[in-house]
Amino acid sequence: MQVLVLTHNILSEEPLQRKLQSLNHEVLCSSKMLELLQQAIDSNFACYFYQVVILSENLTNKEVLDLLPRLEKANSVVMRKVHSMPDLPEKEMLENHGI
């Protein structure tokens, strides 16, 4: 499986990357792809190569909501990495947006 991790800090994703790679998944952690998607530059084509897109916990909820319309075009599974379980309103908001 190919996994894309969108993050502001690729070093903070190293433990997750190692765990996924130990399960034989191809993993790309990228801050540049995040920037391109945020600037609405046509980088959606690159997302089509990934079956799973993980949005790092270092992205704000606003950034996540802004990215979702662009990521939906890729038909990838979109997941949100979090430090702790979100409270009920935040969990409902994420679920309503397909995360």
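Predicted model, so just to flag it, every value in this text is computed and none were measured.

1. Regarding the overall build of the protein chain
So, step 1. When its secondary structure is counted, the protein chain shows 5 helices and 4 strands.
So, step 2. Along its sequence from the N terminus, the protein chain presents helices and strands in the succession β-α-β-α-α-β-α-β-α.
So, step 3. Referenced to the eigenvectors of the C-alpha coordinate spread, the extents of the protein chain come out at roughly 35 × 30 × 20 Å.
So, step 4. Sequence-distant contacts, at least 24 apart, represent 69% of the contacts inside the protein chain between residues at least 6 apart.
So, step 5. Just so you have it, the protein chain exposes about 6,100 Å², and 56% of that area is on carbon and sulfur atoms.

2. Thoughts on the sheet that holds strand S4 (residues 77–80)
So, step 1. The strand order across the open sheet formed by 4 strands is S2-S1-S3-S4, and the pairing between neighbours is parallel. Where the open sheet ends on each side, the last strands, each with one partner, are strand S2 (26–30) and S4. The average undirected angle you get between the axes of adjacent strands in this sheet is 20 degrees.
So, step 2. Direction of pairing for strand S1 (residues 2–6) relative to S2: parallel, over a ladder of 5 bridges.

3. Overview of the nonpolar core
So, step 1. Ranked by internal contacts, the top residues of the largest apolar core, which has 16 residues, are Leu4, Leu6, Leu37, Leu55, Leu67 and Leu71.
So, step 2. Counting only elements with at least two residues in this core, the list comes to S1, helix H2 (32–38), strand S3 (52–55) and helix H4 (61–72).
So, step 3. Per-element tally for this core: the top contributor is H4, with 4 residues.
So, step 4. With near-sequence residues (within four places) excluded, Leu71 lies in contact with Leu6, Leu37, Cys47, Val53, Leu55 and Val78.
So, step 5. In this structure, Leu20, Val27, Cys29 and Ile54 belong to the second largest nonpolar core, which totals 7 residues.

Parameters and conventions
Residues numbered from 1 in each chain as written. Predicted model: local features only at pLDDT ≥ 70, side-chain atom pairs only at ≥ 80, totals over all residues. Heavy atoms only, no water. Helix = DSSP H or I, 4+ residues; strand = E, 2+ residues; numbered from the N terminus. Contact = heavy atoms within 4.5 Å. Areas by Shrake-Rupley, 256 points an atom, 1.4 Å probe, with all protein chains shown as cover. Pairing = 2+ DSSP bridges. Axes fitted to C-alpha atoms, helices over the stretch in contact; angles between N-to-C directions. Core = buried A, V, L, I, M, F, W, Y, C linked by side-chain atoms within 4.5 Å. Buried < 20%, exposed > 50% of the residue type's maximum accessible area, 1.4 Å probe, protein only.

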